[in-house]
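Structural description and commentary
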Amino acid sequence: MGIECLVLGAGQEVGKSCVVVTINGKRIMFDCGMHMGYLDHRRYPEFSLIPNSQDFSDSISCIIITHFHLDHVGALPYFTEVCGYSGPIFMTYPTKALAPLMLEDYRKVMVDRRGEEEQFSSEHIVRCLKKVTAVDLKQTVQVDKDIQICAYYAGHVLGAAMFYVKVGNSAVVYTGDYNMTPDRHLGAAQIDRLQLDLVITESTYATTYRDSKYVREREFLKVVHKCVAGGGKVLIPTFALGRAQELCMLLHDYWERMNLQVPIYFSAGLTIQANMYYKILINWTSQKVKDTHATRNAFDFKNVISFDRSLINAPGPCVLFATPGMISGGFSLEVFRHWAPYEENLVTLPGYCVAGTIGHKLMSAKIPTQIQLDEDVQIDVRCQIHQLSFSPHTDAKGIMDLVKFLSPKHVILVHGEKPKMATLKEKIESELGIQCRYPANNETVCIPSTHHVKAGASDAFLQSCLCPNFKFFKTDFERGSDLDDDFPQGDECCSTVQPGEEGR
Ligand SMILES: [Zn+2]
């Protein structure tokens, strides 16, 4: 029996992560994400491709969610409450605490503000999360008599985990999103050396090699300082959790050092609430944050004030963190419309923006430019654009380091762009000698799994394995020779080979 991987999402793209792995009849779904670039049926993974899709609870042994980002958890309430899956679901404690915030925020934006058809309700989110079993890092969980799982720290965002799954003799690691270098608020991914048949890894930055963090931080602070010194407003669109805290810690320290009085705002209640969670879940943050925790909580941003809509057109410089990160709608878009036409203002973009978002359009735009928002609204963009190279994802070196460290028999790349994945596949195969695939969405790949066969062995045989002077060779071995009587019969046996005799 091999390992069958059905990639339902994040195959040669970033969005709606969902990989269904079948080993010995056990079926594990890794992540159940939503695609933020689509509003039609492509938003969700094609669940009907799962075998026995009329009864998902019977077909799927368990679901594992790696972290709270919507492209990893966004389809879960739909899958449990609308599609009817009622089996076990696992995620870490912080993910269980934070995922409902993200889901509810998304639902509100889509349904309450944009009038989209409701895919799942608040009630669905609550009921869905009740079915979740929270796990700790490095806690081995026996899902049923055959399946064992264990979570490892992934960096990336608060509570993110890589998951090790063992079914019989076959073992797989699904990384989810991870970061191999520590940042200010989170540590680097950490995993044990494991015996693995397969590693399924993200590959967002499959061909990117980053400069030192110090250079990137200095560059960011320089453009922000220059903008506010010139009286401009800085819009930092971010996800509510993650980059917001990372950049806020950076700015906060800089503001104190430079004694700057320009206000720093956080846009919505969500982010303030998120900071509270960081304070509670301090054990999941970086070593530095934990070490200084006794004297000062790094998430107490005393210079940071809550933003009010009436401040959008207020005079004077300021810095504003606003969601969502890729300016795909919501408050960051509302503010962008007001601030983008002025040259003195600055908009920072995340390192990665999904196609179809304003962030993505701005990445390749030459300023000044015009952006068509919808049929009636066009935005004149004259502000400065700064692309951040801060990312909670590992770069290509980190992916190579992890794959080399784990040395699995096979690698599957997901959560990346096709041409870059092709380059990384070549590199993994040529430099590490490990077979690598990067299937498209809705494609299944089969990986041969390890076969362990029980065999009797004599002391002499075991001795031969330990002693370098023993080697195998073909012989017409007959029972009753000078070897032990209980040595298994066969046409292969072992003998002492003196140096220089190997050619026998
Ligand atoms: Zn993520």
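All of the points below concern the structure found in this document. These numbers come from a predicted model, not from an experiment.

1. Re the overall build of the chain
Across its full length, the chain holds 14 helices and 24 strands. Looking at the 504 residues of the chain, the share that counts as buried comes to 53%. Total accessible area on the chain stands at roughly 22700 Å², and carbon and sulfur atoms take up 49% of it.

2. Quick notes on the pattern of salt bridges
In total, this model carries 18 salt bridges according to the counting rule given. A salt bridge links E123 to R127; its shortest N-O distance comes to 3.6 Å. Placement of the pair is E123 and R127 together in helix α5 (residues 122-130), with a separation of four residues, close to one helical turn. By relative accessible area, which is 44% here, E123 ends up partly exposed. Across the salt bridge formed by E431 and K427, the nearest N and O atoms sit 3.0 Å from each other. Highlighted residues: E431 and K427, both in helix α13 (residues 418-432), separated by four residues, approximately one helical turn. With relative accessibility at 24%, the residue K427 sits in the partly exposed group. Here the salt bridges do not stand alone but share partners, grouping K26, D144, K145 and D146 into one network.

3. Some points on the coordination of the zinc ion
Note on the zinc ion: its protein donors are H67 (NE2), H69 (ND1), H156 (NE2) and D177 (OD). The metal-donor distances range over 2.1 to 2.2 Å. Classification of the site at the zinc ion rests on its four donor atoms, whose angles at the metal span 93 to 164°, yielding the label irregular. All donors to the zinc ion come from one chain, and their sequence spacing reads H-x1-H-x86-H-x20-D. Here the residue H67 occupies a position in the loop between β4 (62-64) and α2 (70-73), and H156 occupies one in the loop between β8 (147-153) and β9 (161-167), the gap between them amounting to 89 residues. Across the pair, H156 and H67 agree in class, each one buried.

4. Looking at the environment of R216
Here R216 shows up in helix α6 (residues 213-229). R216 sits in the buried class, given a relative accessible area of 11%. Sequence spacing of R216 and F390 is 174 residues, and the spatial spacing of their C-alpha atoms is 7.3 Å. In this view, R216 contacts R210, D211, S389 and F390; residues no more than four positions away in its chain are not counted.

5. Describing α5
For α5, the full list of buried residues reads H124, I125, C128 and L129. For α5, the arc enclosing every buried residue in end-on projection is 125°, short of the 170-degree limit, so these residues lie on one face.

6. So, the sheet that holds strand β7 (residues 141-142)
The strand order β7-β8-β9-β10-β11-β20-β21 describes an open sheet built from seven strands, whose pairing is mixed. The two strands at the open ends of the sheet, each matched to only one other strand, are β7 and β21 (435-437). Sheet topology places β8 next to β9; seven bridges connect them, and they run antiparallel. Counterpart to Y152 in the pairing with β9 is M162. Packing against the sheet, α13 makes contact with β20 (410-414) and β21, and its axis sits at approximately 165° to β20.

7. Observations concerning the side chain of T80
Mapped onto the elements of the fold, T80 is located in helix α3 (residues 76-82). Of the polar contacts made by the side chain of T80, one reaches the backbone oxygen of P77; its length is 3.4 Å. Setting aside residues no more than four positions away along its own chain, T80 makes contact with Y85, I89, C128 and K131.

8. Comments concerning the packing of α6 against helix α7 (residues 243-258)
Close contact between α6 and α7 brings their axes to 11 Å; oriented N to C, the two are set at 65°. In the packing of α6 onto α7, the handedness of the crossing is right-handed. Within the contact between the two elements, α6 uses K213, E217, F220, L221, V224, H225 and V228 and α7 uses E246, L247, L250, L251, Y254, W255 and M258. Taken together, the residues that form the contact of α6 with α7 break down as ten nonpolar, one polar and three charged.

9. Some details on the environment of V167
Among the structural elements, V167 can be located in strand β9. Remark: the alpha-carbon pair of V167 and I147, spanning 20 residues in sequence, is separated by 4.8 Å. Once residues within four sequence positions are removed from consideration, V167 is found in contact with I23, N24, K26, I28, D146 and I147.

What counts and how
- Residues numbered from 1 in each chain as written.
- Predicted model: local features only at pLDDT ≥ 70, side-chain atom pairs only at ≥ 80, totals over all residues.
- Heavy atoms only, no water.
- Helix = DSSP H or I, 4+ residues; strand = E, 2+ residues; numbered from the N terminus.
- Buried < 20%, exposed > 50% of the residue type's maximum accessible area, 1.4 Å probe, protein only.
- Areas by Shrake-Rupley, 256 points an atom, 1.4 Å probe, with all protein chains shown as cover.
- Salt bridge = Lys/Arg side-chain N within 4 Å of Asp/Glu carboxyl O.
- Donors = N, O, S within 2.8 Å, 3.2 Å for Na, K, Ca; no water.
- Tetrahedral: all angles 85-135°; square planar, octahedral: opposite > 155°, others 65-115°.
- Contact = heavy atoms within 4.5 Å.
- Arc of directions from axis to C-beta.
- Pairing = 2+ DSSP bridges.
- Axes fitted to C-alpha atoms, helices over the stretch in contact; angles between N-to-C directions.
- Polar contact = N/O pair within 3.5 Å; in protein donor to acceptor, adjacent residues only side chain to side chain.
- Left-handed = near helix turned anticlockwise from the far one by under 90°.
- Nonpolar A, V, L, I, M, F, W, Y, C, P; charged D, E, K, R; others polar.

The analysis is restricted to geometry; functional conclusions fall outside its scope.
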